[in-house]
Amino acid sequence: MTSRPATVSEHPRIRAVRVLTGAYLALSVLTLGAIFLLRDDPSMVTDVVWVRATIVAASALLTFLFARSAARGSKRGLLRLRIVSAVMTVAIVVIVSIPGFLPLWVRLEQGVCGVLLLAVVVLVNGGHVRSLVSE
């Protein structure tokens, strides 16, 4: 017989969402650091890379904060998390699929971000997580 987690935040799926959004945030911040270090190489860092990475880092921070809010049982936090994670996943797929728009290393980083967010989308849009937050 398994015991039920005492709080929403202790549920394994909610913990997984927090880990995934934390990884997305960490990767986004590390990417900004790499961009800063590579700023003098125009083949690696362009103005588009700076803008894209800044937008992704900001969205990653919001995504992480929304996940934290949802883990505390906030319906609004969960709704915001569901929207932002889905929108960013679609945006990443579109951006990565445009030939020559981003250097290969940024396209790969964005692909990893997309996979992390896709997992979040699957978890937070499942009825189980929605029912946890609405309890």
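Residues numbered from 1 in each chain as written. Predicted model: local features only at pLDDT ≥ 70, side-chain atom pairs only at ≥ 80, totals over all residues. Heavy atoms only, no water.

Helices and strands together make up the secondary structure of the chain, namely 5 helices and 0 strands. Listing each helix as α and each strand as β along the chain from the N terminus yields α-α-α-α-α. Evaluated residue by residue, the chain yields a buried proportion of 36% over its 135 residues. At a minimum sequence separation of 6, the contacts of the chain that also span at least 24 residues come to 73%. As displayed, the chain has an accessible area near 7,600 Å², and 69% of this comes from carbon and sulfur atoms. (Helix = DSSP H or I, 4+ residues; strand = E, 2+ residues; numbered from the N terminus. Buried < 20%, exposed > 50% of the residue type's maximum accessible area, 1.4 Å probe, protein only. Contact = heavy atoms within 4.5 Å. Areas by Shrake-Rupley, 256 points an atom, 1.4 Å probe, with all protein chains shown as cover.)

Together, Phe36, Leu37, Trp50, Val51 and Ile55 make up an exposed nonpolar region whose accessible area comes to about 510 Å². Looking at the nonpolar patch, the elements that each hand over two or more residues are helix H1 (12–37) and helix H2 (47–71). Relative to the assigned elements, tryptophan 50 resides in helix H2. Looking at tryptophan 50, the relative accessible area reads 31%, which means it is partly exposed. (Patch = residues over 30% accessible without salt bridge, like charges linked within 9 Å, V, L, I, M, F, W, Y side chains within 5 Å. Salt bridge = Lys/Arg side-chain N within 4 Å of Asp/Glu carboxyl O.)

For the rest of this paragraph, the subject is H1. For an α-helix, 3.6 residues make a turn, and residues three or four places apart therefore share a direction. With 26 residues, H1 should cover 38 Å at 1.5 Å per step; its first-to-last C-alpha distance of 37 Å lies within 8% of that length. All of the buried residues along H1 are Ile14, Val17, Leu20, Thr21, Tyr24, Leu25, Ser28, Thr31 and Ile35. (Expected span 1.5 Å × (residues − 1).)

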